[in-house]
Amino acid sequence: LDMSIKKIRTLNVTTGVSTISSDYCSTCGEGIAINADGTTIVSGGYHAVHLIDVATGAVSILAGQAQSSGMKNGIGTDSLFVFPVSVAFMPTGDVVVGDQGNHLIRKISVHDANVMTLAGGAGSPATNAGGGRCGRRGGRRSWRSSWNSH
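This section reports on the structure supplied with the text. (Residues numbered from 1 in each chain as written. Predicted model: local features only at pLDDT ≥ 70, side-chain atom pairs only at ≥ 80, totals over all residues. Heavy atoms only, no water.)

Notes on the overall build of the protein chain
Part 1 of the argument: Within the protein chain one finds zero helices and 11 strands.
Part 2 of the argument: Traced from its N-terminal end to its C-terminal end, the protein chain shows the element sequence β-β-β-β-β-β-β-β-β-β-β.
Part 3 of the argument: Partitioning the contacts of the protein chain with sequence separation of at least 6, the portion at a separation of at least 24 is 34%.
Part 4 of the argument: Here the protein chain displays about 8,100 Å² of accessible surface, and carbon together with sulfur accounts for 52% of that area. (Helix = DSSP H or I, 4+ residues; strand = E, 2+ residues; numbered from the N terminus. Contact = heavy atoms within 4.5 Å. Areas by Shrake-Rupley, 256 points an atom, 1.4 Å probe, with all protein chains shown as cover.)

Structure, rendered in structure tokens:
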């Protein structure tokens, strides 16, 4: 994810750098996940999670809406996010999303783009058992997700 020029690029040690998509939105997201089959998901771009067709470079919205924010579970563009900043594939192929603005962890089903909430409390940051804040250490860039499939 080359945020400086708003393109999604790959690096091959033999052939060099190539561009997967130059059609990405002007407000590039921060998270990118690539599944074993090449499925590429990018978070951000206002309030949506995007699907990149690697063969053509076409960008489409998998879930959320680019110009509308909020908290709503639903199918595809009927759902709402507030600054989804990180994405990862689960072992099932479903996508887990860090919805920063809603303080939620959300899941998008690969079968029907159904968005559901996995964890968190909409509108308020998480706290630990002692009442202190947890999960965020300052700024958007500290929100990252990874999924260990082992």
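Having seen it, we continue.
As for the pairing of strand E10 (residues 104-108)
Part 1 of the argument: Among the five residues that make up E10, four are buried, leaving the element largely enclosed by the rest of the structure.
Part 2 of the argument: Examined bridge by bridge, strand E9 (residues 95-99) and E10 share five bridges and lie antiparallel to one another. Within E10, the position partnered with Val 97 by the bridge is Arg 106.
Part 3 of the argument: Counting the residues that bridge the hairpin from E9 to E10 gives four residues, and of these His 103 lies at a positive phi of roughly 60°.
Part 4 of the argument: Between the antiparallel neighbours E10 and strand E11 (residues 114-120) lie five residues, among them Ala 113 with a positive phi of about 60°. (Buried < 20%, exposed > 50% of the residue type's maximum accessible area, 1.4 Å probe, protein only. Pairing = 2+ DSSP bridges.)

Topic: the sheet that holds strand E4 (residues 40-44)
Part 1 of the argument: Here four strands make up an open sheet; going across it, the order is E3-E4-E5-E6 and the pairing antiparallel. Here the strands that pair on one side only, and so sit at the sheet edges, are strand E3 (32-34) and strand E6 (59-64). In this sheet, adjacent strand axes meet at a mean angle of 25° when their direction is disregarded.
Part 2 of the argument: The pairing of E3 with E4 spans three bridges and is classified as antiparallel. (Axes fitted to C-alpha atoms, helices over the stretch in contact; angles between N-to-C directions.)

Remarks on the packing of aromatic side chains
Part 1 of the argument: What the rule picks out here adds up to zero aromatic pairs.
Part 2 of the argument: The ring of Phe 81 carries Arg 106 above its face, with NZ or CZ at 4.5 Å from the centroid. (Phe/Tyr/Trp six-rings, centres within 6.5 Å; stacked < 30°, edge-to-face > 60°. Lys NZ or Arg CZ within 6 Å of the ring centre and 35° of its normal.)

Treat this as a map of the structure, not an account of what it does.
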